[in-house]
Amino acid sequence: VSDRVEALVQELLDREAIKELKARYFRCVDARDWDGLRETLADDARFELMGMETIEGGDAFVAFTREVIESREARTVHRGHTPEITIDGPAEAHGRWMLADYIEWPSDPETGQRRGMRGCGLYQETYRKVHGDWRIATWRLDYVRIDPLAPDPLPEQILGAPAALEGAAAD
Amino acid sequence: VTAGLQELLDREAIRQLKARYFALLHAQDWDGFRALFTDDVHAEEEGLPAIDGGDAFVDLVRELLDGTGTWATLHGHMPEITIDGPADAHGSWMLDAYVEWPSDPETGERRGLEGYGRYDETYRKIDGEWRISSLRVTYQRVDPLLPTPLPEEILAPAEAAR
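Rules used in this analysis
Residues numbered from 1 in each chain as written. Chains lettered and ligands numbered in written order. Predicted model: local features only at pLDDT ≥ 70, side-chain atom pairs only at ≥ 80, totals over all residues. Heavy atoms only, no water. Pairing = 2+ DSSP bridges. Helix = DSSP H or I, 4+ residues; strand = E, 2+ residues; numbered from the N terminus. Contact = heavy atoms within 4.5 Å. Axes fitted to C-alpha atoms, helices over the stretch in contact; angles between N-to-C directions. Parallel < 35°, antiparallel > 145°, perpendicular 65-115°, else oblique. Left-handed = near helix turned anticlockwise from the far one by under 90°. Nonpolar A, V, L, I, M, F, W, Y, C, P; charged D, E, K, R; others polar. Buried < 20%, exposed > 50% of the residue type's maximum accessible area, 1.4 Å probe, protein only. Patch = residues over 30% accessible without salt bridge, like charges linked within 9 Å, V, L, I, M, F, W, Y side chains within 5 Å. Areas by Shrake-Rupley, 256 points an atom, 1.4 Å probe, with all protein chains shown as cover. Salt bridge = Lys/Arg side-chain N within 4 Å of Asp/Glu carboxyl O. Lys, Arg positive; Asp, Glu negative; His and termini not counted. Charge placed at Lys NZ, Arg CZ, Asp CG, Glu CD. Buried area = accessible area lost by both parts, 1.4 Å probe.

## Concerning the sheet that holds strand S3 (residues 75-89) of chain A
All names here are of chain A.
Piece 1. One open sheet accounts for six strands, arranged S2-S1-S6-S5-S4-S3; its pairing is mixed. On the outer flanks of this sheet lie strand S2 (55-56) and S3, each paired with one strand and no other.
Piece 2. Sheet analysis places strand S1 (residues 41-49) next to S2, joined by two bridges and oriented antiparallel. Looking at the pairing, Arg 46 lines up with Glu 56 of S2.
Piece 3. The strands that helix H1 (residues 3-31) touches are S3, strand S4 (92-105), strand S5 (115-130) and strand S6 (133-148); relative to S3, the one it contacts most, it runs at about 160 degrees.

## Considerations on the packing of H1(A) against helix H1 (residues 3-27) of chain B
Piece 1. Look at H1(A) against H1(B): their axes get within 9 Å of each other, and the N-to-C directions meet at 45 degrees. In terms of orientation, H1(A) lies oblique with respect to H1(B). H1(A) and H1(B) meet at a crossing whose hand is left-handed. From H1(A), Val9(A), Leu12(A), Leu13(A), Glu16(A) and Glu20(A) reach across to H1(B), where they touch Gly4(B), Leu5(B), Glu7(B), Leu8(B), Arg11(B) and Arg15(B).
Piece 2. Taken together, the residues of the contact of H1(A) with H1(B) sort by class into five nonpolar, one polar and five charged.

## Quick look at the side chain of Lys22(A)
Residue and element names in this part refer to chain A.
Piece 1. One can find Lys 22 in helix H1.
Piece 2. A relative accessible area of 0% places Lys 22 in the buried class.
Piece 3. Ignoring any residue separated from it by four or fewer positions in sequence, one finds Lys 22 in contact with Trp 97, Tyr 123, Glu 125, Ile 136 and Trp 139.

## Quick notes on unusual backbone geometry
All names here are of chain A.
Piece 1. At Arg 32, a residue that is not glycine, the phi angle is positive and equals roughly 55 degrees.
Piece 2. By secondary structure assignment, the location of Arg 32 is in the loop between H1 and helix H2 (34-39).
Piece 3. With a relative accessible area of 32%, Arg 32 lands in the partly exposed category.
Piece 4. Even without being glycine, Glu 73 reaches a positive phi, approximately 55 degrees.
Piece 5. Considering the arrangement of structural elements, one finds Glu 73 in the loop between helix H3 (58-71) and S3.
Piece 6. In this structure Glu 73 comes out as exposed when scored by relative accessible area, which is 54%.

## Re a negative patch on the surface
Piece 1. A surface patch of negative charge is lined by Asp33(A), Asp35(A), Glu39(A) and Asp133(A).
Piece 2. As for its placement among the helices and strands, Asp35(A) is situated in helix H2.

## Here we look at the interface of chain A and chain B
Piece 1. Opposite the 36 residues of chain A that make contact, chain B presents 35 residues.
Piece 2. Summed over both partners, the interface of chain A with chain B comes to about 3100 Å²; 63% of that surface belongs to carbon and sulfur atoms.
Piece 3. At the junction of chain A with chain B, the criterion picks out six salt bridges.
Piece 4. Between Glu20(A) and Arg11(B) there is a salt bridge, with its nearest N and O atoms 2.8 Å apart.
Piece 5. With 10 residues, the single largest contributor to the side of chain A that touches chain B is H1(A).
Piece 6. In terms of residue class, the side of chain A that touches chain B is built from 20 nonpolar, six polar and 10 charged.

Quick look at the structure:
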């Protein structure tokens, strides 16, 4: 096998690994798998969210995410789309992802109104290979649009479904 | 073929397998759909009884969708695929499901759901073709559709859509 073919295969493997790194990142956030999330991040990773003060370090970011999601009892759905990945060297890469997310906090206890948002955003990230595994090294998220949820409560039951699904409406 | 290249080919074949799963389901091509599964596939979906066997699984899906007036759009996202051996692999996919059953004939209210979930699957290569050998669907959340009928026209349409 020529060196050129070898290099192309390695590039494809690296691109695959980075795409799955981000898939794991999203899955762990939504599943509240905080140890799993931490493993996707470099120890010295930096995080910028919409002009907030920069968060320094993987541990600090996981603590921040737990505060926003777990402590406030949010239910989250994150979907990443259309990755653009560039390999910059044997252990360096950068990329962009579109984000669609759906976040709901507990309803207003007095009025019963729903509280939450649907957002569309853009991630700009860099990645670093550490001991053979790609990790997120810098992370920046800018929302293009954030829509509040309509305040009316959802119906309590799924209607029209096969009997087994009718009771499946979450919460 | 080097090991790295074979891994990439297998990963791509499995992603194509799952893409066909969604396409054939939407096309209601049941023979094509059946061919995606091993004969001994094991299927579990939250809220439904577990099912063994490709024929039984396809029969159930068909019963739910074919000729029932059900309109289902399923999207798969963010695959994580791991090749475990020359003929074994596992993976997960995120699922967005938008399912609507016929509206209530008396009140006209919509009936359906929007579901956000995940597939956890295993795959096996048989005679050179990857197939789904087990699948489990779990949901992060399931929202019932609001009962109000949708407007019949697109509001504030772009010029091209008028």
